[in-house]
Amino acid sequence: MSESLHSSSLPRPRVRFAPSPTGFLHVGSARTFIFNWLYARHNGGTMILRLDDTDVGRNTDASVNSIFDGLKWLGLNWDEEYKQSERGDLHRQMAQTIFQKGLAYRDFTPAHTGDSERSGAQGTWLFNPGMRELSREESDRRAAAGEPFALRFRVPREGTMWGQPPSAVRFAEGKLNVHFTDAVYGEQMKAAADIEDFALLRSDGMPTYHLASCADDADLRISHIIRGQDHLSNTYKHVLIFEAAGFTPPQFAHLPLLVAPDGTKLSKRRHGPVVSVTTYRDAGFLPEAFINFLCLLGWSPKNDREQMSRQELVDAFSLEGINRANAVVNFKEAAHLPVVIPTEGRNLLSSTEDTFDPKALWLNAEHIRGLSIEELTRRLLPIIREAGFDVAPEKMLRITPLIRERIKLLRDVLTAADFLFVNQLPPYDPAELIPQKGDAAMALKVLGRAKEVLANVEFKHDPLDQSLRAAAQELGIKAGQMFQPIRVAVCGRKNAPPLFETLEVLGKEMTLARIAQATVKLG
């Protein structure tokens, strides 16, 4: 399929993301939104957000808020916005159009019982012959008498010629089939004899998903429907509705499913909060890194690059790059997930680095390293302040270079640099102060000499480096044996950012105070 839609002779594509607000924004739904957005932006088209909110019994304000919160965090804007619940008259108008053409009929049967036809695949229900063959006069009489009915689509059956090419309904090998071409999965065909006479309107007059979706897509002039592969089977019904209503069906492109490591479809019930977009936001993912990660689940650029900016993704995206195979999200299974920690309405996962897909973490770390010190500081400060630390932006600008290479998630700042945010270190094991191949006496000697040296040196990298190395020589020990007790004394642990840069940020007064406290611990 050609995608050179920049040509002025071709119409600009119109695509839509149509979530149902019955739960949080799922990572699979987010990927669908992203692929639609990339296709629209790559081809100079229009991105439409449409809330398919006609399922009144399951819609919730919390779900609507979750969808908008997740999309807002992604930072990908849309051009037009609609609510399906406000378009009911349009849906019923399309149903009436189809009915007037004789391509739909009233079904007064309370349920699929009695003489229902069961000749479909696996003996599935197809239609009620008594209702399908009911005369128009009798149907009108019963409807006028107030008898409730569902409006069903009259799926073409064997022995009828419903359309000619390029119609979706064609004879082939003596069978009547419904066809469409998918931009990802190619030519699709299903025997009309295996498609039930599906409802367009329920007995309460409410439109079904199939009717409402097609009516809106036709009215909004959607040119490409890009959605999950789980909708592939619905598409046979949708092309029938489009043609019956007098519209050319859009181009369809179905996306491979996102699955868990065990091959099951991602599910909140089974896999927990790790399938929610806001979980990634709250764990400290950059939106641009999360978008990059989701794009690589089921799509790849021609040069097989992995780390890509938003603009690079826009430039490279094409439907031809979408794979047919399901994409695996390699997170830890729900049975082994760490504890979920509720924090002011957010769900945070403890031990997050053991939870998320390693590629997602790697990409996030790479995108973090690509940020300027100023931009990374801007993104870290809200997390630090939310945790209760009052850190001035000027100080944070000095801390950020120390940890940029050491964090994979934004929230890692709370463990990588926590000792720089507090006046009093939390308790630590005094044994950590003892250097390798040394003892407590050596540690005390190091700390005592460090206090003397550091009290009279300029707190800049080079003077600190030179003076402490010289002190190690004076004591007849290795530089590492000199540095470890000082590092633990000022940081509370061995694993910490580079020593001299850390001392610079801490300052002389705080450094000497912590060394004094460490000396007491050893004494």
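The structure under discussion appears in the preceding block.
Notes on the structure follow. The structure presented is a predicted model; accordingly, all values stated were derived computationally and were not measured. (Residues numbered from 1 in each chain as written. Predicted model: local features only at pLDDT ≥ 70, side-chain atom pairs only at ≥ 80, totals over all residues. Heavy atoms only, no water.)

Here's the deal with the overall build of the chain
Looking only at helices and strands, the chain features 20 helices and 15 strands. A buried classification covers 51% of the 523 residues belonging to the chain. Within the chain, contacts between residues at least 6 apart in sequence are counted, and of these 73% link residues at least 24 apart. If you sum the accessible surface of the chain, you get close to 23700 Å²; carbon and sulfur atoms cover 50% of it. (Helix = DSSP H or I, 4+ residues; strand = E, 2+ residues; numbered from the N terminus. Buried < 20%, exposed > 50% of the residue type's maximum accessible area, 1.4 Å probe, protein only. Contact = heavy atoms within 4.5 Å. Areas by Shrake-Rupley, 256 points an atom, 1.4 Å probe, with all protein chains shown as cover.)

Some remarks on the environment of Trp299
Residue position: Trp299 is located in the loop between helix H10 (287-295) and helix H11 (310-316). Leaving out residues up to four positions away in the same chain, Trp299 has contacts with Phe35, Met308, Leu313, Ala316, Phe317, Ser318, Gly321, Ile322 and Asn323. At 3.4 Å, the side chain of Trp299 and the backbone oxygen of Ser318 are in polar contact. (Polar contact = N/O pair within 3.5 Å; in protein donor to acceptor, adjacent residues only side chain to side chain.)

Some words on unusual backbone geometry
Positioned with a positive phi, Asp304 is a non-glycine residue whose angle comes to about 60°. Although it is not a glycine, Lys437 sits at a positive phi angle of roughly 60°. For Lys437, a relative accessible area of 76% puts it in the exposed group.

Some words on the nonpolar core
Grouped together as the largest cluster of nonpolar side chains are 57 residues, with contacts concentrated most on Val27, Ile34, Phe35, Leu74, Tyr280 and Phe285. Ranked by the residues each element gives to this core, the list is headed by helix H1 (residues 27-42), at 9 residues. The residues touching Phe285, leaving out its near neighbours within four places in the chain, are Trp73, Tyr280, Phe356, Ala360, Leu361, Asn364 and Leu409. Ile383, Val391, Leu425 and Ala518 belong to the second largest nonpolar core, which has 56 residues in total. (Core = buried A, V, L, I, M, F, W, Y, C linked by side-chain atoms within 4.5 Å.)

Regarding the side chain of Asp216
Its location among the elements puts Asp216 in helix H6 (residues 209-219). The class of Asp216 is buried, set by a relative accessible area of 0%.

Considerations on the pairing of strand S11 (residues 251-255)
One face of the sheet, then the other: side chains in a regular strand alternate in exactly this way. Counting buried residues along S11, 4 of its 5 residues qualify, which places the element largely inside the surrounding structure. As defined by bridge partners, strand S10 (residues 224-228) adjoins S11 across 5 bridges and the pair is classed as parallel. Its bridge partner lying in S11, Arg227 is registered against His254. Between S10 and its parallel partner S11, the chain crosses via helix H7 (residues 235-244), and the hand of that crossover is right-handed. (Pairing = 2+ DSSP bridges. Right-handed = clockwise from strand over helix to strand, strands pointing away.)

With respect to the pattern of salt bridges
Going through the model one piece at a time under the given rule, you end up with 32 salt bridges. Between Glu80 and Arg14 there is a salt bridge, and its shortest N-O distance comes to 3.0 Å. Pair noted here: Glu80 is in strand S3 (residues 80-83) and Arg14 is in strand S1 (residues 14-17), with a separation of 66 residues, a long-range link. Judged by relative accessible area, which is 10%, Arg14 ranks as buried. (Salt bridge = Lys/Arg side-chain N within 4 Å of Asp/Glu carboxyl O.)

Topic: the packing of helix H16 (residues 440-454) against helix H17 (residues 461-475)
The N-to-C vectors of H16 and H17 enclose an angle of 140°; their axes lie 10 Å apart at closest approach. Compared by their axis directions, H16 and H17 come out oblique. Seen from above, H16 lies across H17 with right-handed handedness. Seen from H16, the contacting residues are Lys445, Val446, Arg449, Val453 and Leu454; seen from H17, they are Leu464, Ser467, Leu468, Ala471, Glu474 and Leu475. Broken down by class, the residue content of the contact of H16 with H17 amounts to 7 nonpolar, 1 polar and 3 charged. (Axes fitted to C-alpha atoms, helices over the stretch in contact; angles between N-to-C directions. Parallel < 35°, antiparallel > 145°, perpendicular 65-115°, else oblique. Left-handed = near helix turned anticlockwise from the far one by under 90°. Nonpolar A, V, L, I, M, F, W, Y, C, P; charged D, E, K, R; others polar.)

Some remarks on the sheet that holds strand S9 (residues 199-201)
Strand order in the open sheet formed by 3 strands is S4-S5-S9, and the pairing between neighbours is antiparallel. Looking at the sheet topology across the chains shown, the edges are occupied by strand S4 (104-107) and S9. Strand after strand, the sheet turns through a mean of 40° between neighbouring axes, direction not considered. Of the strand pairs in this sheet, strand S5 (residues 150-153) and S9 are connected by 2 bridges, and their pairing is antiparallel. Each bridged residue has a counterpart across the sheet, and for Leu151 the counterpart in S9 is Leu201.

A closer look at H6
Burial analysis of H6 places 9 of its 11 residues in the buried class, which makes it a mostly covered element. Burial in H6 covers these residues: His210, Leu211, Ala212, Ser213, Cys214, Ala215, Asp216, Asp217 and Ala218. Lining the buried residues of H6 we find S1, strand S2 (46-51), helix H3 (88-100), S9, S10 and H7.

Re the pairing of S2
Buried residues dominate S2, accounting for 6 of its 6 residues. Burial along S2 is two-sided: the face carrying Thr46, Ile48 and Arg50 and the face carrying Met47, Leu49 and Leu51 are both buried. Here S1 pairs with S2 via 4 bridges, running parallel. By the bridge assignment for S2, Phe17 is matched with Leu49. Handedness of the S1-H1-S2 crossover: right-handed. Relative to S3, S2 is paired through 4 bridges, and the arrangement is parallel. Bridge assignment links Leu51 to a residue of S3, and that residue is Lys83. Viewed along the sheet, the connection from S2 through helix H2 (residues 61-74) into S3 turns out right-handed.

All quantities given are derived from atomic positions and should not be read as evidence of function.
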